[in-house]
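Here is what each chain is made of, one letter per residue.
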Amino acid sequence: VQHFKQVFFKEKKWEFEKEYRTTKFNDTPFSNDQRTIVLPVKAYKEVIFGKDCPNEYRDEIVAIVQNKMPHVTFHKTFLDDNGVLQRSML
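Residues numbered from 1 in each chain as written. Predicted model: local features only at pLDDT ≥ 70, side-chain atom pairs only at ≥ 80, totals over all residues. Heavy atoms only, no water.

**Side note on the pairing of strand E3 (residues 85–89)**
Turning to step 1, where the next piece is worked out: With five bridges connecting them, strand E2 (residues 73–79) and E3 associate as antiparallel partners. Counterpart to Leu79 in the pairing with E3 is Leu85.
Turning to step 2, where the next piece is worked out: Between E2 and E3, which follow one another and run antiparallel, lie five residues, and Gly83 among them has a positive phi close to 80 degrees. (Pairing = 2+ DSSP bridges. Helix = DSSP H or I, 4+ residues; strand = E, 2+ residues; numbered from the N terminus.)

Set out below in structure tokens:
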């Protein structure tokens with residue numbers, strides 16, 4: 001039950017994230033090719049970096065995404081003075 005909840009549900013504190021989760025099922029283990037789903041470039045709108053994401057990772061991701069998807073915006077998360085997770089544009 002706990003595993004099911006972790007995979008298919010989000011905690012209430014993350015409701016603001018407006019993200020979608022999908023899952024594929026198969027009777028046999030998936031190959032790497034079967035596990036890979038290619039989404040169209042237009043499917044991406046924004047990248048949100050977690051508050052603990054190292055700057056070197058963030059910078060590398062930004063460079064790659066800007067080159068391939070210039071329409072994507074970037075945000076970073078942080079804790080405000082009340083300990084509430086917020087986000088701001090990079």
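**Section: the pattern of salt bridges**
Turning to step 1, where the next piece is worked out: Under the defined criterion, the tally for this structure stands at four salt bridges.
Turning to step 2, where the next piece is worked out: The salt bridge involving Asp59 is made with Arg58; its shortest N-O contact spans 3.5 Å.
Turning to step 3, where the next piece is worked out: Arg58 gets classed as buried once you look at its relative accessible area, which sits at 19%. (Salt bridge = Lys/Arg side-chain N within 4 Å of Asp/Glu carboxyl O. Buried < 20%, exposed > 50% of the residue type's maximum accessible area, 1.4 Å probe, protein only.)

**Brief notes about the nonpolar core**
Turning to step 1, where the next piece is worked out: Counting residues in each nonpolar core, the largest one holds six residues, listed as Phe49, Val62, Val65, Met69, Val72 and Phe74.
Turning to step 2, where the next piece is worked out: Each residue touching Val72, except ones within four places of it in the same chain, is listed here: Tyr44, Lys45, Glu46, Val47 and Val65. (Core = buried A, V, L, I, M, F, W, Y, C linked by side-chain atoms within 4.5 Å. Contact = heavy atoms within 4.5 Å.)

**Points about the environment of Arg35**
Turning to step 1, where the next piece is worked out: Tracing the backbone through its elements, the reader meets Arg35 in helix H2 (residues 32–35).
Turning to step 2, where the next piece is worked out: Taking relative accessible area as the criterion, Arg35 reaches 58% and is therefore assigned exposed.

These results come straight from atomic positions and should not be treated as a statement about function.
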